[in-house]
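# Per-entry structural report
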Amino acid sequence: MSLRAGIVGLPNVGKSTLFNAITNQKILAENYPFATIEPNVGVVTVPDERMDKLKEMYEPNKFIPTAYEFTDIAGLVKGASKGEGLGNKFLSHIREVDAIVEVVRCFDNGKIIHVDGNVDPIRDIETINLELSIADLDIVNNRLDKVSKKARTTKNKEDLLELEALDKAKEALEKNIALRDVDYSEEELLAIKSFSFLTLKPIIYVANISEDELAMEDNEYVTKLKEYAKKDNSRVVKLSAKTEEDLSELTKEEKNEMLDAFGLNNSGLDDLILATYDILGLATYFTVGKDEVRAWTFKKGMNAKKCAGIIHTDFEKGFIRAEVMSYNDLIECGSELKVKEAGKARLEGKEYLMQDGDICHFRFNV
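Just so it is clear, the structure is predicted and the values come from calculations on it, not from any experiment. (Residues numbered from 1 in each chain as written. Predicted model: local features only at pLDDT ≥ 70, side-chain atom pairs only at ≥ 80, totals over all residues. Heavy atoms only, no water.)

Quick look at the overall build of the chain now. Summing up its helical and strand segments, the chain has 14 helices and twelve strands in all. Among the 366 residues that make up the chain, the fraction classed as buried is 48%. Here the analysis covers contacts within the chain between residues at least 6 apart in sequence; of these, 69% occur between residues at least 24 apart. A total accessible area of about 18500 Å² is found for the chain, and carbon and sulfur atoms account for 48% of it. (Helix = DSSP H or I, 4+ residues; strand = E, 2+ residues; numbered from the N terminus. Buried < 20%, exposed > 50% of the residue type's maximum accessible area, 1.4 Å probe, protein only. Contact = heavy atoms within 4.5 Å. Areas by Shrake-Rupley, 256 points an atom, 1.4 Å probe, with all protein chains shown as cover.)

Applying the stated criterion to the full structure yields seven aromatic pairs. Each ring, one from Tyr285 and one from Phe362, has its centre 5.8 Å from the other, and the planes form 85°; the classification is edge-to-face. Placement of the pair is Tyr285 in strand 8 (residues 282-287) and Phe362 in strand 12 (residues 358-364), with a sequence separation of 77 residues. Judged by relative accessible area, Tyr285 falls into the buried class, the value being 0%. Among the aromatic residues, those joined into a cluster by ring pairs are Tyr285, Phe298, Phe319 and Phe362. The ring of Phe63 is capped by Lys55, whose NZ or CZ atom sits 4.8 Å from the centre of that ring. Lying across the ring of Phe107, Arg105 places its NZ or CZ 4.7 Å from the centre. (Phe/Tyr/Trp six-rings, centres within 6.5 Å; stacked < 30°, edge-to-face > 60°. Lys NZ or Arg CZ within 6 Å of the ring centre and 35° of its normal.)

A contiguous patch of negative charge, built from Glu253, Glu254, Glu257 and Asp260, is present on the exposed surface. Relative to the elements of secondary structure, Glu253 occurs in helix 9 (residues 252-262). (Patch = residues over 30% accessible without salt bridge, like charges linked within 9 Å, V, L, I, M, F, W, Y side chains within 5 Å. Salt bridge = Lys/Arg side-chain N within 4 Å of Asp/Glu carboxyl O. Lys, Arg positive; Asp, Glu negative; His and termini not counted. Charge placed at Lys NZ, Arg CZ, Asp CG, Glu CD.)

Judged by pairing direction, the sheet is mixed, and its six strands sit side by side in the order 2-4-1-5-6-7 without closing on themselves. A strand with exactly one partner marks an edge of an open sheet, and here the two such strands are strand 2 (40-45) and strand 7 (235-239). Taking the axes of each pair of neighbouring strands and ignoring which way they run, one obtains an average angle of 25° across the sheet. Note: strand 1 (residues 4-8) against strand 5 (residues 99-105), four bridges, orientation parallel. Paired with Val8 across the strands is Glu102, a residue of strand 5. The sheet contacts of helix 1 (residues 15-23) involve strand 1, strand 2, strand 4 (67-72), strand 5, strand 6 (203-208) and strand 7, and relative to strand 2 the element is tilted by about 45°. Sitting on the sheet, helix 7 (residues 220-231) touches strand 5, strand 6 and strand 7, and the angle it makes with strand 6 is about 170°. (Pairing = 2+ DSSP bridges. Axes fitted to C-alpha atoms, helices over the stretch in contact; angles between N-to-C directions.)

Note that Lys226 resides in helix 7. On the basis of relative accessibility, which here comes to 35%, the residue Lys226 falls in the partly exposed class. Residues Lys226 and Ala207, spaced 19 residues apart in sequence, show a C-alpha to C-alpha distance of 8.9 Å. The contacts of Lys226, once residues within four sequence positions are left out, are Asp218 and Val236. There is a polar contact of 2.8 Å between the side chain of Lys226 and the side chain of Asp218. (Polar contact = N/O pair within 3.5 Å; in protein donor to acceptor, adjacent residues only side chain to side chain.)

A few words on the environment of Lys224. Structurally, Lys224 can be placed in helix 7. The sequence separation of Lys224 and Cys106 amounts to 118 residues, and the corresponding C-alpha distance is 9.7 Å.

Turning next to helix 1. Counting buried residues in helix 1 gives nine out of nine residues, a clear majority hidden from the surface. Regarding helix 1, the residues found buried are Lys15, Ser16, Thr17, Leu18, Phe19, Asn20, Ala21, Ile22 and Thr23. Looking one or two residues past helix 1, Asn24 carries a phi angle of roughly 55°, positive in sign.

The next subject is the layout of surface pockets. Size it by volume and the largest pocket reaches roughly 1000 Å³. Looking at the lining of the largest pocket, the elements with two or more residues in it are helix 1, strand 2, helix 2 (49-58), helix 8 (241-247), helix 9 and helix 10 (268-279). Here the lining of the largest pocket takes five residues from helix 10, the largest share from any one element. For the lining of the largest pocket, the per-class residue count stands at 15 nonpolar, eight polar and eight charged. Here the second largest pocket defines a volume of roughly 800 Å³. Lining the second largest pocket we find 21 residues, and of these Leu189, Leu200, Lys201, Pro202 and Lys299 sit closest to its centre. (1 Å grid on protein atoms, 1.4 Å probe; cavity = no way out; pocket = protein on both sides within 12 Å on 5 of 7 lines; lining within 4 Å. Points joined across faces, edges and corners; volume = space filled by probe spheres on them. Nonpolar A, V, L, I, M, F, W, Y, C, P; charged D, E, K, R; others polar.)

Now for the confidence of the model for the chain. Detailed conclusions should not be drawn from predicted coordinates in areas where pLDDT is low. Here the chain averages 87 in pLDDT, and 89% of its residues register 70 or above. Within the model, pLDDT remains below 50 along residues 26-37, and this stretch shows 32 contacts once partners closer than five positions in the same chain are excluded. (pLDDT = per-residue confidence, 0-100.)

Time to look at unusual backbone geometry. Not every positive phi belongs to a glycine, and Glu59 is a case in point at roughly 45°. Structurally, the position occupied by Glu59 is in the loop between helix 2 and strand 3 (62-64). Accessibility expressed as a relative area gives 54% for Glu59, which makes it exposed.

Now the structure itself:
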C-alpha cells in the first residue's frame, strides 16, 4: 500500500533539515527561500519493536519492515495560491500526498532569516492554511459552475450529491474552515474524492525547537501552537530538526546514548512517523517464516480479503481463508506450534476485520 506524507512550511523553518533526518540524505538545505525547488521523496520505516522480536524468533533470510513515503515540498509563501513564490507548483505537489506535516518554527535565532521578519507560529500556520483554503475554494467555484447547471437539468442523483458536497465546501472555505472539519457523509466524501482537496487531508504540526530546549518545558511558541492545534483538532509533535539530523548519522547505540543525555525515551522523528501513521488510520499485520518476515500496512477496517490483496491481487481474487494468530499470543506461547496447541490459532473468512498485530497466512486459489 503506497502512502505518502508531505512536509510543508514557510521557507527556513527546518523542513529540509527534517527531511535530511528522515532519509539520511544530503539534499540542499540553505539559509534562503526556495532552496528546495523540486519535491524530494524518501522512504521511511515505521519503528516497531514487534519486528525485532519476530526477526529474533524466525531468523529470516529477508526482513522487510512496513514503510511509507515522506515528500519534502518547497517552501510556501503568502500568495502561493495566486502564483507568488513558486506558486501553484507547490500546491499540486501537496495534492498528491495523503497527509500534511506542517513544520512550524518555534525557536529564536537571529542568524536564520525568517521570511516575515520575526517568529510567530500562529501567523505562519494561518498563512499556509489560508493559501490551502484559497486553492481549494478556486476548485470548488470552478466545479460548481459546471455541476450546478448539470444537476438542475438532469436531476441525476450523483450530480446532486456532488453539488451538495461542494456547497458545503464553499460555505466552509469562505469562513476559512478546513474541509477536514466539515461533517461529511461517506457518500459525500466519495463524491468529492477526485478533487484531492488540500484542507481535507489530515494534518500534523511539527514544532521545531532548538536543541537547547529539548529537555525543557514547552516554550511560549510551542504552548501557543498546542493551544491552536487543540482548537483545530490537530496534533503537535515537538522536536529539534537539527538534533534529529545529527541522530540520523549515529549508530543505534550512539543514538540511544544521545537520547538518554537529553532525557528522552524516543526521538522526535520516531514520534512523528508513528503520529503520521496513526492519523492516516493505518495498522500493521505480519507474514512470517524462515524465508521472510514482513510487515504490511493496511487501513483500519479492512477485511481479510482486501488485506490479502495488498500482498498480491491473486491473493484477493482467489481468497479462500486466512490462517491467523496474534503477535501477543505468539510471544506469550513461544512458537507457532504452541499457539495451535493452546487453541489460539484461527481460520478466518473473507469478512474478518484484520487487527493490528495479526500474523497471517493466506490460502487462495486462482
